[in-house]
Every structure is written in structure tokens, then in C-alpha cells.
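Summary of the model geometry
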Amino acid sequence: MTSQMDFFAPAAVRLPQAERGRKSGGREAAPKTGMDDEALATHLEATGNYRVLRKLQPRPVVDRPRPEFPRQGVILDTETTGLDHRTDEIIEIGVITFTFDDNGAIGDVTGIYGGLRQPGIAIPEDITRLTGITDEMVAGQSIDMARLTSLIAHADLIIAHNAGFDRPFCEAFSPIFRDKAWACSVSEIDWRVRGFEGNKLGYLIGQSGYFHDGHRAVDDCFALLEVLEQIRPGQETTPFAELYEASGRSRVRIYAENSPFDMKDHLKKRGYRWSDGSDGRPKSWWVELPEDKLEEELHFLRTEIYRWDADPTLKHLTAFDRFRAG
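This text gives an overview of the structure that appears in the document. None of the values given here were measured: they were computed from a predicted structure. (Residues numbered from 1 in each chain as written. Predicted model: local features only at pLDDT ≥ 70, side-chain atom pairs only at ≥ 80, totals over all residues. Heavy atoms only, no water.)

1. Structural notes on the packing of aromatic side chains
Within this structure, the stated rule accounts for 10 aromatic pairs. Their ring planes at 80° and their centres at 5.5 Å tell us that F98 and F240 sit as a pair that is edge-to-face. Separated by 142 residues along the polypeptide, F98 in strand β3 (residues 90–100) and F240 in helix α9 (residues 239–247) bring together distant segments of the chain. One exposure class covers both F98 and F240, and it is buried. Here the aromatic residues F98, F100, F240 and Y244 are joined through ring pairs into a cluster of three or more. Its end group placed over the ring of F196, R232 keeps NZ or CZ at 4.2 Å from the ring centre. If you follow R270 out to its NZ or CZ, it ends over the ring of F300, 3.9 Å from the centre. (Phe/Tyr/Trp six-rings, centres within 6.5 Å; stacked < 30°, edge-to-face > 60°. Helix = DSSP H or I, 4+ residues; strand = E, 2+ residues; numbered from the N terminus. Buried < 20%, exposed > 50% of the residue type's maximum accessible area, 1.4 Å probe, protein only. Lys NZ or Arg CZ within 6 Å of the ring centre and 35° of its normal.)

2. Some remarks on helix α5 (residues 145–152)
Turning to α5, its buried residues are L148, L151 and I152. Take α5 and look down its axis: the buried residues cluster within an arc of 95°, on one side only. Of the surrounding elements, those touching the buried residues of α5 are β2 (71–80), β3, β4 (106–116), β5 (157–160) and α6 (163–173). A distance of 3.3 Å separates the backbone nitrogen of A146 from a side-chain oxygen at the start of α5, and that oxygen is part of D144. (Arc of directions from axis to C-beta. Contact = heavy atoms within 4.5 Å. Polar contact = N/O pair within 3.5 Å; in protein donor to acceptor, adjacent residues only side chain to side chain.)

3. Notes on unusual backbone geometry
One non-glycine residue with positive phi stands out, namely D179, at about 60°. The residue D179 is located in the loop between α6 and β6 (182–184) in this model. A residue is classified by how much of its surface remains accessible, and D179, at 63% relative accessible area, is exposed. A positive phi angle, close to 55°, is found at N258, a residue other than glycine. Along the chain, N258 falls in the loop between β8 (251–256) and α10 (264–269).

4. Structural notes on the sheet that holds strand β11 (residues 313–317)
Overall, antiparallel pairing links the 4 strands, which are arranged β9-β10-β8-β11 in an open sheet. What marks the edges here is a single partner per strand, and that holds for β9 (273–275) and β11. Within this sheet the neighbouring strands show an average axis-to-axis angle of 30°, counted without direction. Looking at chain direction, β9 and strand β10 (residues 284–290) are connected through 3 bridges and run antiparallel. In the sheet register, S275 faces β10, and the bridge partner there is S284. Lying on the sheet, helix α11 (residues 294–305) is in contact with β8, β10 and β11; it crosses β8 at an angle near 10°. (Pairing = 2+ DSSP bridges. Axes fitted to C-alpha atoms, helices over the stretch in contact; angles between N-to-C directions.)

5. Considerations on the environment of D101
Mapped onto the secondary structure, D101 falls in the loop between β3 and β4. Each C-alpha atom, one on D101 and one on E68, is 7.0 Å from the other, the two residues being 33 residues apart in sequence. Once residues within four sequence positions are removed from consideration, D101 is found in contact with E68, F69, P70 and Y244. A polar contact is formed between the side chain of D101 and the backbone nitrogen of N103, at a distance of 2.9 Å.

6. Quick look at the pattern of salt bridges
Using the criterion set out here, one finds 22 salt bridges in the structure. With a shortest N-O distance of 3.4 Å, D265 and K264 are connected by a salt bridge. Linked by salt bridges that have partners in common, E38, E45 and R54 make up one network. (Salt bridge = Lys/Arg side-chain N within 4 Å of Asp/Glu carboxyl O.)

7. Digging into α11
The terminal C-alpha atoms of α11 lie 15 Å apart, and with 12 residues this matches the ideal 16 Å at 1.5 Å per residue to within 8%. Turning to α11, its buried residues number three or more, namely L294, E297, L298, F300, L301 and I305. Along α11, the residues classed as buried sweep out an arc of 155° about the axis, all on the same side. Opposite the packed face of α11, turned more than 90 degrees from it, sit the exposed residues E295 and H299. The elements touched by buried residues of α11 are β8, α10, β10 and β11. With its phi angle positive at about 65°, R307 sits one or two positions after the end of α11. (Expected span 1.5 Å × (residues − 1).)

And the structure:
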């Protein structure tokens, strides 16, 4: 995995080299004594030669959350044995619960849970390399369902960084995740408009000025929480406020069934994806759009794809339906 320090230059801070630079008339040296870590980091940044990543510190859990934040949010992350929720299994789940208000302002962290689970197969080597989770770590381990249920039960919104991956795994694992509103912090936030170079969590946390122990579930949850509340220069709202607003908007999925084969490249260019029918969706090219784009898209299909007054299959979606497997 690419180090988060690769996003910045120089890639590392070496004080002896800075001291040699002072002696040779080069870059400014760091003070010799009497400076704590934060003051040293501030000093290095002030030279213009360094950008310092600070280790992300998890927020404390409060016993008495502030009443002005009445809603309950959940940030969730899973680690699994593979990519297919129908055949692969969860090996770790991490959850952070927090409060927020109707304007999307984040309040307090109210709960944390992280648990390992022994799957029915040996953990593939590539998964161990990615997550650091070994067969020895999960041996005899199981998810504390009572604890997990207590955190999920009152959630107004469950957030995952790629909900299209996590939600199917979670719903296959337990019914406690069904009938909940879900939001995706990858697809429902315009990170590029917010000045980020990508939407992978490593990019987001690194470009926010932090580093963390990635690819462990609870650590990733805390990292995402921090990024969701950060306002960058030129922005008026937090990413979480944008996400919460997006979760309240209805969308529609259009299935262009029986579309002419020679139109597939036109559909693909417009953003349609192919479903072979194995995931419960109609076998067709399909796209998901905001409700207010429906008539425009139907006009496109009828005039440029079917070339007759077709009525494609539609599925209207809210946050309670979105990101499910089917």
C-alpha cells in the first residue's frame, strides 16, 4: 500500500539533515531544545519546506451527549474474506455511534464496538496482507451481537465508505441492518469539489493532515468521522452535512432492458452499467440518477436508444433502499 507520506514532499522529516543544512547555509534548522512535538511540527511547517501529518487521535466517548444533537449516526466498516457478499464472510466489523442535528452538525461520540469473527474458511493471503488479520487472530472469535444490536438499533443513518460493498455484507450477516437508512461517503460527497485528489480514505485522511492505522475497522471509522467534519478553505459546509442532505433525496434506477445490442457503447459512455441478472437486478444496462433527471433520461432512451416510446423498468430509491445487493 502506498504510504500516506507519499502525498507530500519532502516525504520525511530528518532533523540531522536540517541541522546540517543550517551549518552549510541551507534551509532553516529546527530549534535545539525546549520545544514540544506540536511546536516542533508548527515550526517545520512554518519554514515552507515541510508538511507534517499528525497521528489521528480517536475522539472520547461521552456518557451524556449534548441534547442539541438529537439524531443518531453510525459509521461502519467491515473487513471480509473477499468481495462477494453471497460467498464471502465478514471477519471484522467496526462501529462508531455519534450524534448530529438536522443541519448535519456532528455532536458527540456515544459508542464504539470492534469485533473479530472466525470465518468458515481460511483467510486468503491477500486479505491478510491488506488488513493484517490472520487466522490466528480470528480463531474462536465471534461478533458480540448484543453489543452490536444496541448500537445499531436507534440509528437514524448508517454511513459506510463504499456502502454498496458494506451494506450487502451486513444484511447477509444480520437482519439488524435491514430497514435502516444508509449513506455512502464515497459516492454521495463531491470530494473533488472539496479539493481532494480522490475519494479513497487514505487520500482523504492524508490530505486532511492526519495519518492513522488503516484497514482495521474501528480505526477507519474514526478516520472517516474526522474527515466528515473537516471544513477546508473555501467551503461553507462539512462533508457530513452534504452527505446527510444527499441521503434525504430520492433517486431512481432505470433498467434499459432489451436495448439494442449495437447501442451498448452509447449506454456505457452515458454511465450505464451492465447487470447479468445474477444479483437480483434485471439483466440489462442500468443507471441510477436523481429523480429530477428522470424525464430527461427517458427522452434520451426513447429517442437515441430504443427509437420508440419505450417504458423502461424503473425503481425508485430512498436511503432505506439504496446500496442494497438487488
